[in-house]
Amino acid sequence: MAPIQHFAPPAGVKAPPLSFATRTGDLLFISGIPGFDDKGALADGFEAQFGFVVANIKRVLDEAGATFRDLVKVNVLLTRASDVATMNVLYASAFGPAPYPARTTCVVQALPDPKMLIEIEAVASLTKA
């Protein structure tokens, strides 16, 4: 049985009791990551939060030796249905070009911090061809 590798939150970021990601075998499970900056503060506005979510996911992928092309499944949680169209445009730019990973998008009543507008979790395959 393969050991589980844990990826800690960035230094200086106050996070709940979780790993930012865990790897088992060739799969990397990335925790739901909100749009906080490098000091752990949530950015103002949806587009800014989306940009930080992408940067935070990229940091985890880089640490695991992976890229956005290795993502196989993405779950997007939004707190406002009005952000879906904007998210799709930003998502296409950040996670593209096609083919894109499988994705589920949900509009939820709330995320842990009332200022959070988006959170994205993902699964990546670390199998190298």
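You'll find the structure just up there.
What you see is a predicted model; the values in this text were computed from it and never measured.

With that settled, the discussion passes to the overall build of the chain. If you tally the helices and strands in the chain, you get two helices and six strands. When the helices and strands of the chain are listed from N to C terminus, the series reads β-β-β-α-β-α-β-β. Over its C-alpha trace the chain gives a radius of gyration of 14 Å, about what one expects of a compact globule, namely 14 Å for 129 residues. Referenced to the eigenvectors of the C-alpha coordinate spread, the extents of the chain come out at roughly 45 × 35 × 20 Å. Across the 129 residues that make up the chain, the buried fraction comes to 36%. If you take every contact in the chain between residues at least 6 apart in sequence, the share linking residues at least 24 apart comes to 65%. When the accessible surface of the chain is summed, it comes to about 7100 Å², and 60% of that surface belongs to carbon and sulfur atoms. Averaging the coordinates of the 11 positive side-chain charges in the chain and doing the same for the 12 negative ones gives two points 2 Å apart.

Parameters and conventions
Residues numbered from 1 in each chain as written. Predicted model: local features only at pLDDT ≥ 70, side-chain atom pairs only at ≥ 80, totals over all residues. Heavy atoms only, no water. Helix = DSSP H or I, 4+ residues; strand = E, 2+ residues; numbered from the N terminus. Rg over C-alpha atoms; globule rule 2.2 N^0.38 Å. Buried < 20%, exposed > 50% of the residue type's maximum accessible area, 1.4 Å probe, protein only. Contact = heavy atoms within 4.5 Å. Areas by Shrake-Rupley, 256 points an atom, 1.4 Å probe, with all protein chains shown as cover. Lys, Arg positive; Asp, Glu negative; His and termini not counted. Charge placed at Lys NZ, Arg CZ, Asp CG, Glu CD.

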